[in-house]
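Chain residues, written in single-letter form:
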Amino acid sequence: MATAVKVYGPPISTAVSRVLVCLLEKDVEFQLISVNMSKGEHKKPDFLKIQPFGQVPAFEDEDISLFESRAICRYVCEKYADKGNRGLYGTNPLAKASIDQWLEAEGQSFNPPTSTLVFQLAFAPKMKIKQDQGLIKQSEGKLAKVLDVYDKRLGETQFLAGHDFSLADLSHLPNTQYLVGATEKGELFTSRKNVARWWAEISSRDSWKKVLDMQKSV
Ligand SMILES: N[C@@H](CCC(=O)N[C@@H](CS)C(=O)NCC(=O)O)C(=O)O
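Residues numbered from 1 in each chain as written. Predicted model: local features only at pLDDT ≥ 70, side-chain atom pairs only at ≥ 80, totals over all residues. Heavy atoms only, no water.

- Looking at an unreviewed UniProt entry, the protein carries the name glutathione transferase, with the source organism given as Quillaja saponaria.
- Under Subcellular location (unreviewed entry), UniProt gives the following word-for-word description of the protein: "Cytoplasm, Cytosol". (UniProt positions renumbered as here; feature names shortened; annotations may be inferred.)

1. Description of the site of the ligand
Moving on, step 1. With respect to spatial proximity, 13 residues lie near the ligand, and among them Lys43, Gln55, Val56, Glu68 and Ser69 are the closest.
Moving on, step 2. In the environment of the ligand, an oxygen atom lies 2.7 Å from a nitrogen or oxygen atom belonging to the side chain of lysine 43.
Moving on, step 3. For the ligand, whose free accessible area comes to 510 Å², the fraction covered by protein is 71%.
Moving on, step 4. Because more than half of its atoms lie within 2 Å of the grid, the ligand is assigned to the largest pocket. (Near = heavy atom within 4 Å. Polar contact = N/O pair within 3.5 Å; in protein donor to acceptor, adjacent residues only side chain to side chain. Areas by Shrake-Rupley, 256 points an atom, 1.4 Å probe, with all protein chains shown as cover. 1 Å grid on protein atoms, 1.4 Å probe; cavity = no way out; pocket = protein on both sides within 12 Å on 5 of 7 lines; lining within 4 Å. Sits in = over half its atoms within 2 Å of the grid points.)

2. Some remarks on the domain arrangement of the protein
It is common to give the size of an interface as the accessible area lost on bringing the parts into contact.
Moving on, step 1. By domain assignment, the protein separates into domain 1 (5-86) and domain 2 (93-208).
Moving on, step 2. Taken together, the contact pairs 14 residues of domain 1 with 19 residues of domain 2.
Moving on, step 3. Summing the contributions of domain 1 and of domain 2, the shared interface buries around 1400 Å²; its carbon and sulfur component is 56%.
Moving on, step 4. Joining domain 1 to domain 2, the criterion identifies 6 salt bridges.
Moving on, step 5. One salt bridge in this structure joins arginine 74 and glutamate 104, with 3.5 Å as the shortest N-O distance. (Domains from an automatic or database assignment. Contact = heavy atoms within 4.5 Å. Buried area = accessible area lost by both parts, 1.4 Å probe. Salt bridge = Lys/Arg side-chain N within 4 Å of Asp/Glu carboxyl O.)

Spelled out as structure tokens, the structure:
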């Protein structure tokens, strides 16, 4: 019998929650293992054996370990192709390439400004770190340009990679949730008609609601 895969890290981490929502979509049993980041557990030698950069998440499936949330999600979709949402990472080369294209757009274009904004606006105040207003303004400008591209695309197709919800959409959930739910920058999303429609749809998936519940229960 297959054992549950292991995810190391707190569910409030954007990268950890990306992996959790993927596992829930794929209906893959998992065990969430706590890593006390305020005590620096993610920088300890034992943890560095599975995540050499000292970041969360780390992931184990039987005797293999992986890091980088998007790589873990791709692995989960391929390894557990027959479980849960079978179309999450496409079922033919073109569908996969289209999903990869938008997944890369998320990682390369969307993530840099949004992760900066999430840190500056949602985490820095709680950590009593001074906000960098210049960086916030610059990131907001970069994000607006990315969202203009998304708004055009989402006026043509229901989801980023086509007619079906995919890993590409899923990967946007963590950062967008913080920006819409915990900062005053949600308007960047809600003021763009097609992006707003897309966000309402992807954020109301049961898998994501379960991740939000996990975040609240920590
Ligand atoms: N690209 C990595 C990013 C991982 C990452 O930045 N994790 C953050 C939490 S969301 C972290 O561990 N920060 C602590 C640190 O860098 O020391 C991924 O997607 O897995």
